[in-house]
Each structure stands twice: as C-alpha cells, then as structure tokens.
Amino acid sequence: MERNELFWVGVFDQMAQEDYVVIDNFLKEELVTKVMDYFHQQEEKDVFQKAAIGSAGNELVINEVRGDYTFWLDQHRDLELAELFAAFDEVKSWINRLCFLSLSDYEFHLAHYPKGSFYKRHLDQFSERNNRMISMIIYLNKGWKNGDGGELRIYPENAEAINVEPLFNRCVLFRSDTLEHEVLTAHTDRRSVTGWMLYQPSIIAAIRP
Ligand code: OGA
Ligand code: NI
C-alpha cells in the first residue's frame, strides 16, 4: 500500500485512540533484508552490550528487569543503513506534520533477546530524562510462531492488556510517556530494531539539570 497522507492520518488516529498502532510489512523487502544482514554482522563482531536501565550516567544492569543485549545505531557511522534512517525520518516528519509536535531527533538500537530473556513491565521515559515521545519497534523474527514467546504485552489505561506478536517486518508505535508495556519471556532468539522519537536531541536533554 502506498503510504500517503491518508495512510498516516489513519495510523496516528489509531494511536491517539488506543495509545498504540501496528503496521505490518513496514519496510521494503530489500531493506528489511539489509537490516537483518547488518544485524547478523554486528552480532558476529560481538558489539552488543547487556542492556541497562536509566539514562546516560545512571545506567544499571538489573537482570531481573531486562535481559536483552543492544547495539546503538549511529547514522554517521552505519552508512549501510541510510535507507533505514530515511524511513525513521519519514515517520518523524509525518508525526510532526499530523500531530503538531516538534520532534527533533531519534535514537535507535538493535536489540537481541536470547532465549529465556524478557523485559518486565515499564514505561519508556526516564524520570531524569523525559524526552522520549514515541516508541517505535520493528521486529525481525522470520517464521515466528505461537510458543516462541517474546510477545510485546501492552497495558492500555482503560482496556485489557494486549499481546502483540513480534512478527517479521511488523512495526509497532506507541506513546512513550503513558503506555506501560513488557516483553514476555522469549523462548527462542528475538530480534528487533527499537527506538524512540525524541522531543529534543538526547544530548541536550541528558545534560539538563
Ligand atoms: C524497550 C521495549 C519492547 C519490544 O526496549 O523499552 O519495551 O517489543 N521493547 O521490544
Ligand atoms: Ni519499553
């Protein structure tokens, strides 16, 4: 489907009503293949780090809270992923245009949940740094099936909890400030590109008192 203005109006309308929205077949086939190749290359280089909770300077690794490994992307270094950054830019522009926000930046990492890992219920905003506005995840789990686990479980304020299956090339967007969510235990390797649309560049927000 062509992603015209009407498409994005539908997306953000749903996000406004339900706090989250799912877009399947998000990236072009060729691009999602490139992202997977890049993911595997980085895994071979052993650059992933045990994920922490908290923002710069306040990170804590707490295994009872989350067990994923992450690798932060950098637009200026990861030139192979230029088209992926273009896709992030496109989403950011549509949010600004249709939601009257002024998002100025984003931050994304590759995330790997090994078998047995999870991320307990949480919000994506930090108490000392609240510039994450929209959380955005693209799942890379080819052939995901029931029983593989790793569902994203979201807790809308006025509705029952909902499980979102981490299906290949599925994108989920949700509000970072209000929507509590968790990652259920993965029973097989679970991979995603996960990030946040930011209200201000993270570096500025991070050094603010
Ligand atoms: C996170 C998170 C959800 C997911 O990284 O903060 O909640 O489905 N990820 O990977
Ligand atoms: Ni989260």
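Computed from a prediction, not measured in an experiment: that's the story for all the values here.

Caption draft 1: Quick peek at the site of ligand 1. Taken together, Tyr119, His122, Asp124, Ile137, Tyr139, Leu152, His181, Val183, Arg190, Thr194 and Trp196 are the residues near ligand 1. Within the side chain of histidine 122, a nitrogen or oxygen atom sits 3.1 Å from an oxygen atom of ligand 1. Contacts to ligand 1 include arginine 190, whose side-chain N or O atom sits 2.7 Å from an oxygen atom. For ligand 1, whose free accessible area comes to 290 Å², the fraction covered by protein is 98%. For the shell around ligand 1, the secondary-structure elements that each account for two or more residues are strand E5 (119–122), strand E6 (132–139), strand E10 (180–183) and strand E11 (190–198).

Caption draft 2: Broad picture of the pairing of E11. The buried count for E11 comes to nine of nine residues, which makes it a mostly enclosed element. Neither face of E11 is open: one carries Arg190, Ser192, Thr194, Trp196 and Leu198, the other Arg191, Val193, Gly195 and Met197, and all of them are buried. For strand E4 (residues 105–113) and E11, the ladder comprises nine bridges, and the chain directions are antiparallel. Within E11, the position partnered with aspartate 105 by the bridge is leucine 198. Where E6 meets E11, seven bridges bridge the pair, whose relative direction is antiparallel. Across the sheet, the residue bridging to isoleucine 138 is valine 193, located in E11.

Caption draft 3: Representation of the environment of glutamate 107. One can find glutamate 107 in strand E4. Spatially, the C-alpha atom of glutamate 107 lies 9.8 Å from that of serine 135, the residues being 28 residues apart in sequence. In this structure the side chain of glutamate 107 is engaged in a polar contact, spanning 2.8 Å, whose partner is the side chain of arginine 132.

What counts and what doesn't
- Residues numbered from 1 in each chain as written.
- Chains lettered and ligands numbered in written order.
- Predicted model: local features only at pLDDT ≥ 70, side-chain atom pairs only at ≥ 80, totals over all residues.
- Heavy atoms only, no water.
- Near = heavy atom within 4 Å.
- Polar contact = N/O pair within 3.5 Å; in protein donor to acceptor, adjacent residues only side chain to side chain.
- Areas by Shrake-Rupley, 256 points an atom, 1.4 Å probe, with all protein chains shown as cover.
- Helix = DSSP H or I, 4+ residues; strand = E, 2+ residues; numbered from the N terminus.
- Buried < 20%, exposed > 50% of the residue type's maximum accessible area, 1.4 Å probe, protein only.
- Pairing = 2+ DSSP bridges.

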